[in-house]
Amino acid sequence: MSIRKSRNWFSPDYMDHRISKETSFGLHPLDDYLKKQRIPHIWCPGCGLGVVLGAFLRALKNSGISYDKAAVVSGIGCTGRVAGYLNMDSFHTTHGRAIPFATGLKIGNPDITTTVFSGDGDLFAIGGNHFIHAARRNVDFNVICVNNFNYGMTGGQAGPTTPSDANTTTTPFGGFEQPFNLSSVAAGSGAVYVSRWTTYHVDAMIKSMGDALNKRGFCFIEVLSPCPTGYGRKAGQKTGLDTMKYFKENSRIENGADPASVSIEPGGEIVVGRFVDRDEPTYQDKRWQVFERARDTLGVE
Amino acid sequence: MKPGTYFMDGNTACAEGAIAAGCTFLASYPITPATEILERMANRFPQIHGSYLQMEDELASIAAVMGASWAGRKTMTTTSGPGFSLMMENYGFGLMTETPCVIVNVMRGGPSTGLPTMVAQGDVMQSRWGTHGDVGVVAYTPSSPQEMFDLTIVAFNTAEKYRLPVVLLSDEMVAHMTEKVDIPPEDKITIVDRKKPDVPPDEYLPYRPEEDLVPPMACAGEGYSVHVTGLTHNEKGYPTVDEDTQNILVTRLIDKIRKNYQDILSYEEYMLEDAEIVVVAYGSASRSAREAVNIARGEGIKAGLLRPITVWPFPEDRISELAAKGIKAFVVAEINFGQIVYEVERCSEGKCPTHLLPRMGGSIHSPEEILERLMNINEFDTEEVYS
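Fair warning: this is a prediction, and the values are worked out from it, not measured in the lab.

Caption draft 1: Region of interest: the confidence of the model for chain A. In this model, chain A carries a mean pLDDT of 91, and residues with pLDDT of at least 70 account for 91%. Overall, residues 1–23 of chain A carries pLDDT values under 50, and its contacts beyond four positions in sequence, including any with other chains, amount to 17 contacts.

Shown next, in the form of structure tokens:
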């Protein structure tokens, strides 16, 4: 029935119909990296995800890594939808399991530059256990965590990074749980590269993502991002611009800051920067050494 | 492994079967009674340049297996009931995204932590319906260490041919039993690999099926820009929110197994030609059933055994045929409170009674126990079949 078709907001046919190819394609320098027929995306006005995705694609372009040899793995949530817009091998996996999926993908084919792109709820609530273990193993891939302080896709519930006093749909009278300091969790679990930026710090974010793409080992980049629809509307930041102004006025860059000291307190300063950058043999390096030794004893079949 | 005859336990045979099938990636979490498979793999993988990962839990194990399968590897994970419960999430993801892999579930007593070191067959329906949504599944039930070797290879071949996670539904008794295992030379082992696309990337539709309802599979790093999602997706692999796409996709995922039923189906018949009472049993329970049939024949009772090797798909046509032929009864011996018995009942369509010989787990049926039912079948009327 035609009525049903007209409700079919996300079908590519509908998108093709809504936006003519002549006017919308081939205009953006990053078009090659996107599945153009999947644009426009589903993210809300004022959301920071476009900024973070744009920064990642610029970093990828600058790095010279061919997009045939790059893969993005996402979990579930708003950030989880990143995978669906990329013109490269991309995986939209189950909730919380992007990291173990990426572990299998990278170890299955070490030639693929693998990046996990997901949200704070996906990576640190339902997927928290996988995060600390992947960091501990130092598997060679990057994790970009878009931290918008809440569960956006389901409409603004409190999550593991929600500031402790914040009002959300599941903390209507104010929160009372201590949030994670993600940079500290990452550093404490063994990540060899840890940085934090906000969507206001685009150039620094691009450079940092480039560093991570070229670095071997488990690299973690946290990007604070506005969510006017979910988090912002109850936090006095009703538009994306309000949050951007908040980031601009309250952030301080301090490279090399102790990750344990950079927790985000309500109304407090946001410390951003590159906190950890060290070299350690990766999981793959160490396994190769051990297996070589085993092969010397056992022989090869 | 060198071809030859070995004295080997079921779990070791399973590991060797996986290696023979071309498995080069294993991700598992230790669990009784399946641990020996990953211990064997940990010892063997350096030799075959395989990748072995001991993950933080079963959720991660099967997720890593999915990722490595999309990296082009033949992959496997091993577990038992509690871990299998955790794996239901990505079992569904694998079925939805048509990701080939093998899940070995060495069944132990349940529910919950249950009887970790002792046999049961309580996960049969879980392997069929454990993940949410409608699915078509394949599960093999080996009944000896030899079959642990053989069926692991077959499970890999089916996974690759039909692009789905295949379950090897073993049990503690078979896994820990040591018996003669023949390992054939490499050229005598049939290996099936997944279909690859033969069109350039711009013409490739990752979820357009061929005649067998299976789409060719491009993996990561091959230049096809694959997009894989557990959301309902169209032939391009893009998520869509509409009931037509859902209908087309889910129907095909189920039909993929249903319409290739004859190719996938596997069962063994023992003394069925003139049988009046047919015992249906699989896995370790089938070993007692076979002995009971042997003794019964000596006593002049025309008994036979139907042993499903694939419990999913179930040999429904054969059960219907036997029921229609006018046999006296089916006797279903399984180490649970009745799971496959419902399939037998459904397929016999009331044409003959179906008797259940349940057992809660911890040990297998004794042949005498099954024999007793075979000898006294007339004393049980249809209302008492569950006694």
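Picking up after the structure, the text goes on.
Caption draft 2: The sheet that holds strand E12 (residues 277–280) of chain B, seen in detail. Residue and element names in this part refer to chain B. Sheet architecture is open: five strands sit in the order E11-E13-E12-E15-E16, paired in mixed fashion. Of all the strands in the sheet, the pair left with one neighbour each is strand E11 (267–270) and strand E16 (354–358). Shown here is a sheet whose adjacent strand axes are inclined to one another by a mean of 20 degrees, direction ignored. In this sheet, E16 lies alongside strand E15 (residues 329–334) in parallel orientation, the contact comprising five bridges. For Val331, the partnering residue across the bridge sits in E16 and is His355. Contacts from helix H12 (residues 340–348) reach E12, E15 and E16, with the element oriented near 165 degrees to E15.

Caption draft 3: Summary view of the nonpolar core. A:Ile144 and B:Val279 are the most contacted members of the largest nonpolar core, which has 196 residues in total. When residues are assigned to domains, this core turns out to be shared by domain 1 (4–188) and domain 2 (267–384) of chain B, each giving three or more. For B:Val279, the contacting residues outside a window of four places in its chain are B:Ala289, B:Ala292, B:Val293, B:Ala303, B:Leu305, B:Val331, B:Ala333 and B:Ile370.

Caption draft 4: A look at the interface of chain B and chain A. Residue-level contacts link 41 residues of chain B with 41 residues of chain A. Sorting the residues of the side of chain B that touches chain A by element identifies strand E2 (25–28), helix H2 (35–48), strand E3 (51–54), helix H3 (58–70), helix H4 (81–97) and strand E10 (227–229) of chain B as the ones contributing at least two each. The biggest single contributor to the side of chain B that touches chain A is H3(B), with nine residues. Partitioning the side of chain B that touches chain A into residue classes produces 23 nonpolar, twelve polar and six charged. Sheet topology note: the strand E2 (residues 89–92) of chain A/E10(B) ladder contains three bridges and is parallel. Looking across to E10(B), one finds that A:Phe91 is bridged to B:Val228.

Caption draft 5: A look at the sheet that holds E2(A). Pairing within the open sheet is mixed, and its nine strands lie in the order E7(A)-E8(A)-E5(A)-E6(A)-E4(A)-E3(A)-E1(A)-E2(A)-E10(B). Two strands close off the open sheet at either side, each with one partner strand: strand E7 (251–253) of chain A together with E10 of chain B. For this sheet, the mean angle separating the axes of adjacent strands, direction not counted, is 15 degrees. Pairing of strand E5 (residues 193–198) of chain A with strand E8 (residues 270–277) of chain A involves four bridges; the strand directions are antiparallel. Within E8(A), the residue paired with A:Val194 across the bridge is A:Val276.

Caption draft 6: Geometry of the packing of helix H7 (residues 128–137) of chain A against helix H8 (residues 182–189) of chain A. Residues and elements named next belong to chain A. Axis separation between H7 and H8 bottoms out at 8 Å; the angle between their running directions is 45 degrees. Accordingly, the angle class assigned to the pair H7 and H8 is oblique. Facing H7, whose interface residues are Ile132, Ala135 and Arg136, H8 presents Val185, Ala186 and Ser189. For the contact of H7 with H8, the per-class residue count stands at four nonpolar, one polar and one charged.

Caption draft 7: Layout of the packing of H3(B) against H4(B). Residue and element names in this part refer to chain B. One way to put it is that H3 packs onto H4 with a least axis distance of 8 Å and a crossing angle of 30 degrees. Classified by the interaxial angle, the pair formed by H3 and H4 is roughly parallel. Our pair here, H3 against H4, has a crossing hand that is right-handed. Residues Glu58, Leu59, Ile62, Ala63 and Met66 of H3 form the contact with H4, whose own contacting residues are Gly83, Leu86, Met87, Glu89, Asn90, Tyr91, Phe93 and Gly94. Here the residues of the contact of H3 with H4 are counted per class, giving eight nonpolar, three polar and two charged.

Caption draft 8: Here's a closer look at the environment of B:Gly350. All names here are of chain B. As for its placement among the helices and strands, Gly350 is situated in the loop between H12 and E16. The class of Gly350 is exposed, set by 10 C-beta atoms lying within 10 Å. Residues Gly350 and Ala323 lie 27 residues apart in sequence; the distance between their C-alpha atoms is 8.3 Å.

Calculation notes
- Residues numbered from 1 in each chain as written.
- Chains lettered and ligands numbered in written order.
- Predicted model: local features only at pLDDT ≥ 70, side-chain atom pairs only at ≥ 80, totals over all residues.
- pLDDT = per-residue confidence, 0-100.
- Contact = placed C-beta atoms within 7 Å.
- Pairing = 2+ DSSP bridges.
- Helix = DSSP H or I, 4+ residues; strand = E, 2+ residues; numbered from the N terminus.
- Axes fitted to C-alpha atoms, helices over the stretch in contact; angles between N-to-C directions.
- Core = buried A, V, L, I, M, F, W, Y, C linked by C-beta atoms within 7 Å.
- Buried ≥ 20, exposed ≤ 12 C-beta atoms within 10 Å, placed from the backbone.
- Domains from an automatic or database assignment.
- Nonpolar A, V, L, I, M, F, W, Y, C, P; charged D, E, K, R; others polar.
- Parallel < 35°, antiparallel > 145°, perpendicular 65-115°, else oblique.
- Left-handed = near helix turned anticlockwise from the far one by under 90°.

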